[in-house]
Amino acid sequence: MLAGRHVVLGVSGGIASYKSCLLARALTEQGARVTTVLTRGATEFVGPATFEALTHRPVLRSVWDPGHALDHITLAQDSDLIIVAPATAHVIARAAQGLADDLLTTMLVAATVPVVLAPAMNDDMLAHPATARNLEQLRARGMTIVGPEIGPLAEGPSERPGRMSEPDTILAHAARVVVRSEGTGLDGKRLLITAGPTREAIDPIRFISNRSSGKMGHRVAEVAWERGAEVTLITGPTTEPPPVGVTVVPVETAAQLAAAVRRALPRADVLIMAAAPGDYRPTTQGETKRKREGGKTWTLELKATDDILLTTKADRKPGSVVVGFALETGDAVSKGQAKLTKKDLDLIVINDASEPGAGFDVDTNRVTILAKDGNRWDLPLTSKREVAGAILDRVERLLVP
Ligand code: CTP
C-alpha cells in the first residue's frame, strides 16, 4: 500500500528514535520514498547519516537550510503521509498549540496530508493532564495516534505505558490511513475471516488436529485491515500474533468455529474461510486421561463435523462475497472447482500441499484462484502476504457494483 508513496518521517528527540531507523528501513523496503525530518533533539540520539543511508534520500533538519525555504509547505502538502515517530510530549504540545518553531512543527501546521503520530515518553509525562488534552485535541483534528503501548521504558524494566509502538504496528496504521484518505480499497466493509486448525478433544490431555498454522488467514486479515476494512478474525489455536486493529475471536473446536461464524455472518460483507476446521471429531470424550496399556490397541470412533460453509449458507448477508479455500494433494484444480460449486462460493483459492513451498506452516504459497464466473488465475510461488493481496484485489472487484 505504501509502494511509490512519498512518506515524510518526522523524528523527535526520544530514545525510541532508534526504532525509527527500523521504521525508515521498513518503509523504504516497501517501496516508499522517505524524506526524514529530524528535530534538534532527535540528532542527540540518532544522526542524519543513519537515515540518509537507510532511505537513500535527503534528511532535513532546518527551515533555514539554503535552497530549502519552501520545504515545510511542499512536504506538508505534496507528500502522501506524514509520520511522526517518536512524537515526544514537547512535539505533541507544540503541534496542539499550532506552534511553528522548527521544520517539523512548521510542517505539521501546514499539513493537508494525513498525519500519523506515534507518541513515546515517560509514563508520568504521558499521564500529565496537559499531554492527555494535547493528544485528544490532535485526535479530534483528525490525526491518527498510534499507541503508546505498555512495556519497559528507558527508566527500567518494569512495564509502564509510554513505549512507542513497534515499527510494524506504525506501518500497518500508515497503510490504512493512506488507503482510507483515498476512499478506496475495502474502506468501511466488514470482513469475516477464519484461520487456523481446530482441536477435537479425545480426553482432557489429547486431541485430534491438523497441520494448519493459521498464517494464510492471518495475512488476509492483516492486509484487509490495512486496506480499510473492519475485520473480525475467528481463529483456531495458533502461534501467530494477533494482527493490528483486528478483532480476534479465539475458538478451539469446529463446532465453536461454526457457532462464531454463524453469529457474525449476517453482518459480514465478505466471508473468507481460510480455516482448516477438523473434518472429524471423536464420538465420545474421556473425562479422565486414558492410561497406556502396553501391547493394547485403541480404536477411536469419529463422526464427521458439519460443513461450515454449507450449513451457514442461509445466514449470509444478501450480496455478500464468499471465498473458500481448498487444500488438496493432487488433481487440485478440478477438486477445487467441485468445491466452488458445491459450497456456493464466489471465489476459491486452491493449493496443492504436495508442492514444495505451498500449504501448511510455510510463509509462501502457490495458488490458483477460480471464480464463479469461470475466471482463473494461476499465481506464481510467492509470500502469503502477496497471496492475501491478490485474493483481496478480486474480492474488491466483486464488491464494486
Ligand atoms: N470447510 C468448512 N467446514 C468444514 C471443513 C471445511 O466450511 N467442516 C471450508 C474450509 O474452510 C475451506 C473449504 O471448506 O474454505 C474447503 O475445505 P477443505 O478441507 O478443502 O474441504 P472439505 O469440504 O473439508 O472436503 P474434503 O476434506 O473432503 O476435501
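Note that the structure is predicted; figures quoted are calculated from it, not measured.

Q: Describe the site of the ligand, naming the residues involved and giving the relevant values.
A: Near the ligand, the surroundings consist of 15 residues, among which Met-273, Ala-275, Phe-325, Lys-339 and Lys-343 are the closest. Separating an oxygen atom of the ligand from a backbone N or O atom of Met-273 is a distance of 2.8 Å. For the ligand, the accessible surface in isolation is 570 Å², of which the surrounding protein chains cover 76%. Residue assignment for the shell around the ligand shows that the elements contributing at least two residues are α12 (308-311) and β17 (321-328). Looking at the shell around the ligand, the element that brings in the most residues is β17, giving four residues. A class-by-class count of the residues in the shell around the ligand yields eight nonpolar, two polar and five charged.

Q: Any chance you could break down the side chain of Glu-328 for me, citing the residues and the numbers?
A: Its location among the elements puts Glu-328 in strand β17. Here Lys-339 takes part through its side chain, which lies 2.6 Å from a polar atom of the side chain of Glu-328.

Q: Go over the sheet that holds strand β1 (residues 6-11) with me, naming the residues and quoting the values.
A: Strand order across the open sheet formed by six strands is β3-β2-β1-β4-β5-β6, with parallel pairing between neighbours. Two strands close off the open sheet at either side, each with one partner strand: β3 (59-60) and β6 (144-145). Across two bridges, the pairing between strand β5 (residues 115-119) and β6 is parallel. Following the sheet pairing, Leu-117 is matched in β6 by Ile-145.

Q: Summarise the pairing of strand β7 (residues 149-153); cite the residues concerned and give the values.
A: Alignment of β7 against strand β8 (residues 156-163), held across five bridges, turns out to be antiparallel. Residue pairing across strands places Gly-151 opposite Arg-160, the latter belonging to β8. Linking β7 to β8, which pair antiparallel, is a turn of two residues.

Q: I'd like to hear about the packing of aromatic side chains, residue by residue, with values.
A: Applying the stated rule across the entire model yields zero aromatic pairs. For Arg-394, the ring lying beneath its charged end belongs to Trp-377, and the centroid distance is 4.4 Å.

Q: I'd like to hear about helix α4 (residues 71-78), residue by residue, with values.
A: For α4, the set of buried residues is Asp-71, His-72, Leu-75 and Ala-76. For α4, the arc enclosing every buried residue in end-on projection is 115°, short of the 170-degree limit, so these residues lie on one face. Next to the buried residues of α4 lie β1, β2 (33-38), β3, β4 (81-87) and α6 (103-110).

Q: Go over the packing of helix α5 (residues 89-97) against helix α8 (residues 129-140), please, and point to the residues and values.
A: α8 packs onto α5 with a crossing angle of 55° between their chain directions and a minimal axis gap of 9 Å. When the axes of α5 and α8 are compared, the pair comes out oblique. You can see that α5 and α8 cross each other, and the crossing is left-handed. Where α5 abuts α8, its residues Ala-89, Ile-92, Ala-93, Ala-95, Ala-96 and Gln-97 lie against Thr-131, Arg-133, Asn-134, Leu-135, Gln-137 and Leu-138. For the contact of α5 with α8, the per-class residue count stands at seven nonpolar, four polar and one charged.

Q: So, the nonpolar core: which residues are in play, and what are the values?
A: Core analysis: the largest hydrophobic core is formed by 32 residues, its most contacted members being Leu-191, Ile-193, Ile-272, Ile-391 and Val-395. Within the residue set of this core, elements represented by two or more residues are β9 (190-195), α10 (215-226), β12 (230-235), β14 (270-273), β17, β18 (347-352), β20 (367-371) and α14 (384-399). At seven residues, α14 tops the list of elements feeding residues into this core. Each residue touching Ile-193, except ones within four places of it in the same chain, is listed here: Gly-217, Val-220, Ala-221, Ala-224, Val-231, Thr-232, Leu-233, Ile-234 and Ile-272.

Q: Report on the sheet that holds strand β13 (residues 247-250), specifying residues and quantitative values.
A: Read across the sheet, eight strands follow the order β13-β12-β9-β14-β17-β18-β20-β21 without closing on themselves; strand pairing throughout is mixed. The outermost strands of the open sheet, each flanked by one partner alone, are β13 and β21 (376-378). Averaged over all pairs of adjacent strands, the angle between their axes in this sheet comes to 15°, without regard to strand direction. As defined by bridge partners, β9 adjoins β12 across six bridges and the pair is classed as parallel. In the sheet register, Thr-194 faces β12, and the bridge partner there is Ile-234.

Q: Hey, could you go over the pattern of salt bridges for me, with residue numbers and the actual values?
A: Counting across every chain of the model gives 28 salt bridges. Taking the shortest distance from any N to any O, the salt bridge between Arg-94 and Asp-101 comes out at 2.6 Å. Look at Arg-94 and you get buried, because its relative accessible area is 8%. Given the relative accessible area of 52%, Asp-101 is considered exposed. The partner of Lys-317 in a salt bridge is Asp-269, and the shortest N-O contact between them spans 2.7 Å. Of this pair, Lys-317 sits in the loop between α12 and β17 while Asp-269 sits in the loop between α11 (254-264) and β14, and the two are 48 residues apart along the sequence. You can call Lys-317 partly exposed: its relative accessible area is 29%. Judged by relative accessible area, Asp-269 falls into the buried class, the value being 14%. What you see here is one network of salt bridges that share partners, running through Lys-215, Arg-219, Glu-222, Glu-226, Glu-240 and Arg-385.

About the cut-offs
For every chain, the first residue of the written sequence is number 1, and numbering continues from 1 along that sequence. The predicted origin of the model limits local features to residues at a pLDDT of at least 70 and limits the giving and counting of side-chain atom pairs to 80 or more, whereas totals for whole chains, interfaces and linings rest on all residues. Note: side-chain values were computed over all heavy atoms of the structure, leaving out hydrogens and water. Whether a residue is near a molecule or strand depends on its heavy atoms: if one lies within 4 Å, it is near. Definition of a polar contact: a pair of N or O atoms within 3.5 Å, with one able to donate and the other able to accept a hydrogen when the atoms are protein atoms, and with sequence-neighbouring residues admitted only if both atoms are side-chain atoms. Accessible areas in this description were obtained via Shrake-Rupley with a 1.4 Å probe; residue shielding takes into account the shown protein chains only. The numbering of helices and of strands both runs from the N terminus, where a helix is a DSSP run of H or I of at least 4 residues and a strand a run of E of at least 2. In this classification, Asp, Glu, Lys and Arg are treated as charged, Ala, Val, Leu, Ile, Met, Phe, Trp, Tyr, Cys and Pro as nonpolar, and every other residue, Gly included, as polar. Paired strands, in this sense, are two strands between which DSSP finds at least two bridges. Classification of ring pairs uses Phe, Tyr and Trp, with its six-membered ring standing for Trp, and accepts pairs whose centres are within 6.5 Å; under 30 degrees between planes counts as stacked, over 60 as edge-to-face, and the remaining range as tilted. In this scheme, Lys NZ or Arg CZ marks a charge over a ring once it lies within 6 Å of the ring centre and within 35 degrees of the ring normal. Each residue is placed in one exposure class: buried if its accessible area under a 1.4 Å probe, protein chains only, is under 20% of its type's maximum, exposed if it is over 50%, and partly exposed if it falls in between. What the arc covers is the set of directions going from the helix axis to the C-beta atoms. Contacts were defined at the residue level, with two residues in contact if any of their heavy atoms lie within 4.5 Å. Note on definitions: angles span 0 to 180 degrees between N-to-C directions of axes, and those axes are lines fitted to C-alpha atoms, for helices only across the stretch in contact. Any angle that is under 35 degrees is reported as roughly parallel, and any over 145 degrees as roughly antiparallel; angles of 65 to 115 degrees are reported as roughly perpendicular and all others as oblique. Left-handed describes a crossing whose near helix is turned anticlockwise from the far helix through less than a right angle; right-handed describes the clockwise counterpart. Nine residue types can take part in a nonpolar core, namely buried Ala, Val, Leu, Ile, Met, Phe, Trp, Tyr and Cys, and a core is a set of them joined through side-chain atoms within 4.5 Å. A pair is scored as a salt bridge if a Lys or Arg side-chain nitrogen falls within 4 Å of a carboxyl oxygen belonging to Asp or Glu.

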